[in-house]
Amino acid sequence: GLSDGIILDADGDTTISADTDDQIDFKAGGTDIMSLTATTATFNDGVEIAVDDLSDALTLTSTEAGADNAPILKMYRNSSSPADYDYIGLIKYVARNDNSEDFITAQHYAYTQDVSDGTEDGGFAIDVMKAGTVSSIMTATAVETCFNNGSKDIDFRVESDAYASALLVDAAENAVFVGTTAFYDTNAIFTVRSGASSAYTQHLSNTSSSFSSTMMY
């Protein structure tokens, strides 16, 4: 029998053993599932943590008293053949629809753009579900930050203290609005409004440039 551990089933392939000094190994069906040392727990397969209430399912705690980042969650893609545009560390937010099917509500992930030693570049992306399809909301790379990279009908809007749409890129209208969301020239591709009155509005269109009154810059 097993001299340095415990056999847990009749055929002897599910065990808890210490065949390596200062390490405890767990096997199920002859497969190494987990090992424990004084400082590290290593899992060799997927891990699921399940709760049936509103308590935290996972908490990472650091008692380090310095000013550096802690605790640290490391997503490590240890590839034997790294290549440009390898995807890394996908995090999915999954829910159920009204037909008892899982769907991704949102996800974010990192990826490599350039794995050349000394000139490495990386990227980060955020997607959301839109009308049944996972769609790109934002990508950030070494050269640009792009919103609505998938060219969907998804607006980009910035609020100020006084305006709900201090800046609006309207995807459906292919137009940019500043301080307003309304066209005063149906050909406009850029509309600036100053104050509450439409009397102070500047339009730039693909056919003409017009204004309702003088605006100062």
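Residues numbered from 1 in each chain as written. Predicted model: local features only at pLDDT ≥ 70, side-chain atom pairs only at ≥ 80, totals over all residues. Heavy atoms only, no water.

Caption draft 1: Summary view of the sheet that holds strand 6 (residues 87-96). Strand order in the open sheet formed by five strands is 6-7-8-9-10, and the pairing between neighbours is antiparallel. In this open sheet, the two strands that pair with only one neighbour each are strand 6 and strand 10 (145-147). Direction aside, neighbouring strands of the sheet carry axes that sit 20° apart on average. As paired elements, strand 9 (residues 133-140) and strand 10 share three bridges and run antiparallel to each other. Bridge pairing in strand 10 places threonine 139 opposite cysteine 146. (Pairing = 2+ DSSP bridges. Helix = DSSP H or I, 4+ residues; strand = E, 2+ residues; numbered from the N terminus. Axes fitted to C-alpha atoms, helices over the stretch in contact; angles between N-to-C directions.)

Caption draft 2: Layout of a nonpolar patch on the surface. Taken together, the side chains of Phe43, Val47, Ile49, Val51, Leu58, Leu60, Leu73 and Met75 make up a nonpolar region of the molecular surface, amounting to roughly 800 Å² of accessible area. Structurally, leucine 73 can be placed in the loop between strand 5 (41-43) and strand 6. Note on leucine 73: relative accessible area 60%, which makes it exposed. (Patch = residues over 30% accessible without salt bridge, like charges linked within 9 Å, V, L, I, M, F, W, Y side chains within 5 Å. Areas by Shrake-Rupley, 256 points an atom, 1.4 Å probe, with all protein chains shown as cover. Salt bridge = Lys/Arg side-chain N within 4 Å of Asp/Glu carboxyl O. Buried < 20%, exposed > 50% of the residue type's maximum accessible area, 1.4 Å probe, protein only.)

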